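Residue strings, one per chain:
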Amino acid sequence: MSAQSLGLRVIPAAVFGRRARSVLERNLFVYKHIWIILFSGFFEPLFYLFAARVGLGQLVGDVRNGSGERIDYAAFVAPALLAASAMNGAVYESTMNIFFKLRYAKVYDGMLATPLGPFDIALGEIGWSLIRGALYAVGFIVVMWVAGLLQSPLAVLGLPAALLIGFAFAGAGMAATSFMRSWQDFDLVNLAILVLFLFSATFYPLSVYPPWLQLVAQLSPLYHGVVLIRSFTLGTLELTLLWHALFLAAMGSVGLAVSAFRLRKLLTP
Amino acid sequence: MKSTHRAAEPVDEAGPGPQNESNDRALVEARGLTKRFGEFVAVDAINFSIRRGEAFGFLGPNGAGKTSTMRMIAAVSPVTEGRLEVFGTDPATHGAEIRARLGVVPQSDTLDTELTVFENVYIYGRYFGLPGEVLRPRISELLEFVQLAERGDSKVEPLSGGMKRRLTIARALVNEPDLLVLDEPTTGLDPQARHALWDRLYRLKQRGVTLIITTHYMDEAEQLCDRLVVMDQAKIVAEGSPTDLIARYSTREVVELRFPVGVQERIGDRLDGLATRSEVLPDRVLLYTDDGDRTTAEITRRELAPESTVVRRSTLEDVFLRLTGRTLVD
Amino acid sequence: MLPVPLRVVEANARTYRRTWKGSVVTTFLSPVLFLAAMGLGLGSLVDRETGARALEGLAYISFLAPGLLAATTMQTGASESSWPVMAGIKWIKTFDAALATPVGVPDLVAGHLVWVAVRLLMTSVVLVVVIASFGAVSLADALLAVPAAVLTGMAFAAPVTAYTASTEQETRLSSLFRFAIIPMFLFSGTFFPASQLPDWLESVAYATPLWHGVELCRGAALGTDATLPVAAHASYLLAWVAVGWSLSVRSLRRRLLP
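Anyway, here's the lowdown on the structure attached to this text.

Quick notes on the rules
- Residues numbered from 1 in each chain as written.
- Chains lettered and ligands numbered in written order.
- Predicted model: local features only at pLDDT ≥ 70, side-chain atom pairs only at ≥ 80, totals over all residues.
- Heavy atoms only, no water.
- Contact = heavy atoms within 4.5 Å.
- Buried area = accessible area lost by both parts, 1.4 Å probe.
- Salt bridge = Lys/Arg side-chain N within 4 Å of Asp/Glu carboxyl O.
- Polar contact = N/O pair within 3.5 Å; in protein donor to acceptor, adjacent residues only side chain to side chain.
- Pairing = 2+ DSSP bridges.
- Helix = DSSP H or I, 4+ residues; strand = E, 2+ residues; numbered from the N terminus.
- Axes fitted to C-alpha atoms, helices over the stretch in contact; angles between N-to-C directions.
- Left-handed = near helix turned anticlockwise from the far one by under 90°.
- Nonpolar A, V, L, I, M, F, W, Y, C, P; charged D, E, K, R; others polar.

### Focus on the interface of chain B and chain A
Interface extent is often summarised as the accessible area lost during association of the parts.
Thought 1: The partner chain A presents 28 residues to the 30 residues of chain B that form the contact.
Thought 2: Interface area for chain B against chain A, summed over the two sides, is near 2600 Å², with a carbon-plus-sulfur share of 56%.
Thought 3: At the junction of chain B with chain A, the criterion picks out 3 salt bridges.
Thought 4: Linking B:D112 and A:R26 is a salt bridge whose minimum nitrogen-to-oxygen distance equals 2.5 Å.
Thought 5: Across the chain B-chain A interface, the total number found is 11 residue pairs in polar contact (both at pLDDT 80 or more).

Printed below as a string of structure tokens:
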């Protein structure tokens, strides 16, 4: 219990409303029982990274970035995997989990009988998925560092970037979940996630695509996240990064607002 | 910004307390209270007022509008029309403050199945902003009170229906509410569990907690409620104490007769003058009378020869069926 | 009258008529997307000098396609035998309902596995057509890989059924995918030759049923020799099916008729 109170003290109260914080605390309690799930989520990106390094890397050789520089393939893919895992974690937490709590476990009905309101719940849930995402991101960045895949100290900025990606997808995911009627709808979510994962300059530069497809790929929110983190770990800072960050921030904010609105409609008819 | 936040949670500062309202003022007051979902009218311009310290019942068949009314009182469902005041404030603008002083036992348990018994109450208390130091001793007391002290570390899933219900009540009491709202608290429980629960609710009432109960068990209403309203098709059709209602809408006693198949159908016209009111059902005949013995004597004199005769006291169930009819709802 | 296990198959087929749309995503679109993204996209990088040498001149998409076929049947076989089986045992208890009729545990297992085989067959045929339309291999050659693909899927379906029947907690199912299925997907020769792995991992890869399935599919579709004789790969997979099948009957009996 003390570890939890400590964790909650570290999170500034100004960031999360006091009431939203109790929603966070609830999730901490839950994962105390099933920490293995939390822990195991860390491995999937590691497996992909290892596959990129020993497998695909040997087949592909080096990759050229925008300015024609040659980059080791694993160093190219790793930041994208960090971005993708931030997306995956946020989407899983904000879709399947929230749907379960909303429709089956009736967790929110219980919460709403207390002073908590729909906005507190939305904020608390998104906050929780950010914390979970941050744990994974820190772990992955450390692994990248040990594996010698960081080419710049700017890589520490990969953490806030991963959180931004998490915020964007948690907001959007939760908003989408509020419209879902059955578990079958999640097949669409999985499909969308897979498309984003595979086609957002994750495994190869966009230059592989014909020009029109390059434009389409830029609509992918994950693409913006990948560009952001890749610039930090490779140490190629540019002003255009602001645009990518802005895109993600806007996506998360709209998602959060829609979620709170929809939760109010669903839970307090 | 900060001050509004604090004001929203009176629990932390002053603790729950009746300082704001004087004793004669209603705790809940509804005038023309209406709830519509699209075209459907769930609650149709009802009036009622609930006083501090009483146990107030909403009776009615399924779909009568009880739960909708409860949800409006609990500030989780906006009022469509009319006026509703809870603790003298408007749920639309003071929802969080009202909920801070309420305990809610919903119709189906909303227990957190991913948490243990203790954690369910603890986390619920955290939703009210109560600090852990306050919660821990309070939860021990509450679990003791609902006879779950030994099950603190148990998961929710293996608990029996009655235990889950008692846990929900413990959870609803964690903020020491002034008003406890119970929506069909004993539906689906076995007799032992129901009586255990009634016992706990009775003790709460003695401690001065105001109770609002919906139920379709008449014995429950008679046991627990000081005053009740009967709802049917979104409206209140009667109001009073259980004895009032029986006096007003039924007779002191009821004689139940069974006749052989064939006789039953043709018995109707031979019952004239036997009772204040009579009712011929497919399986039996009910005679509402103030003196059961005199009625049975008269039956013998007329040589009606029923297969069986039972004289019983009138109950709230008779009132209920009279007011809301015998047709199945749902 | 229908033989008892086939009645179970019929029940599954009737349910599937209502839910097949969802399975299109996982069993069909996902390999197509992998094929497009990795085969075409990444392939354009691989087919330059480095990769061409490692794959001995074979186009990356041709190398990848049969591997993905095997990997997809693995995923279908495993997922059809995890969550739906858990649902039958615990969530919606359809198995209990079936056992209250003349259906017995061996019928239940047989019906389930035969149904999964039907699903695998449908999936493989559709996938093979897609692979051929990508130009990765010719349709006639690719069709030869269908039996191998179904066998691969079954080598997962049977043991995963046994695993699900013997586990109480649903979280163990996610662990199975995270720690067994996904690593196999990545390291059993689907995306790159297992020989590129570090030695210790290489021998682990050779023990996985997926590697044998990939070898069989690739050999059949590309008309090349698999690492071992076809019979050896096939018997290894059959052994997984047989052991998994009998363990399924045993654990399910223990679970449902204690």
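There's more to say after this.
### Re the sheet that holds strand β9 (residues 235-240) of chain B
Residues and elements named next belong to chain B.
Thought 1: An order of β5-β6-β7-β3-β8-β9 is seen for the 6 strands of this open sheet, with the pairing classed as mixed. The two strands at the open ends of the sheet, each matched to only one other strand, are β5 (102-105) and β9. This sheet shows a mean twist of 15° between the axes of neighbouring strands, independent of strand direction.
Thought 2: Bridging between strand β3 (residues 55-59) and strand β7 (residues 210-215) involves 5 bridges; their strand directions are parallel. Within β7, the residue paired with G57 across the bridge is I213.

### Considerations on the side chain of B:E119
Thought 1: Looking at the secondary structure, you find B:E119 in helix α5 (residues 117-127).
Thought 2: At a separation of 3.1 Å, a polar atom in the side chain of B:E119 contacts the main-chain amide nitrogen of B:T116.
Thought 3: Filtering out sequence-adjacent residues up to four positions away, B:E119 remains in contact with A:F29, A:K32, A:H33 and B:Y124.

### Structural notes on the packing of helix α8 (residues 158-177) of chain A against helix α12 (residues 241-267) of chain A
All names here are of chain A.
Thought 1: It is the contact of α8 with α12, at a shortest axis distance of 7 Å, that shows an interaxial angle of 30°. Between α8 and α12 the crossing geometry is left-handed. Within the contact between the two elements, α8 uses L164, I165, F167, A168, F169, G171, A172, M174 and A175 and α12 uses A245, L248, A249, M251, G252, S253, G255, L256, V258, S259 and L263.
Thought 2: Within the contact of α8 with α12, the residues separate by chemical class into 15 nonpolar, 5 polar and no charged.

### Description of the interface of chain C and chain A
Thought 1: Taken together, the contact between chain C and chain A spans 35 residues of the former and 30 residues of the latter.
Thought 2: Regarding the contact of chain C and chain A, the summed buried area is about 3000 Å², with carbon and sulfur atoms giving 78% of it.
Thought 3: Among the residues of chain C in contact with chain A, C:L33, C:R178 and C:Q196 are the three that bury the most area, contributing 19% of the side total.
Thought 4: The interface formed by chain C and chain A holds 0 salt bridges in total.

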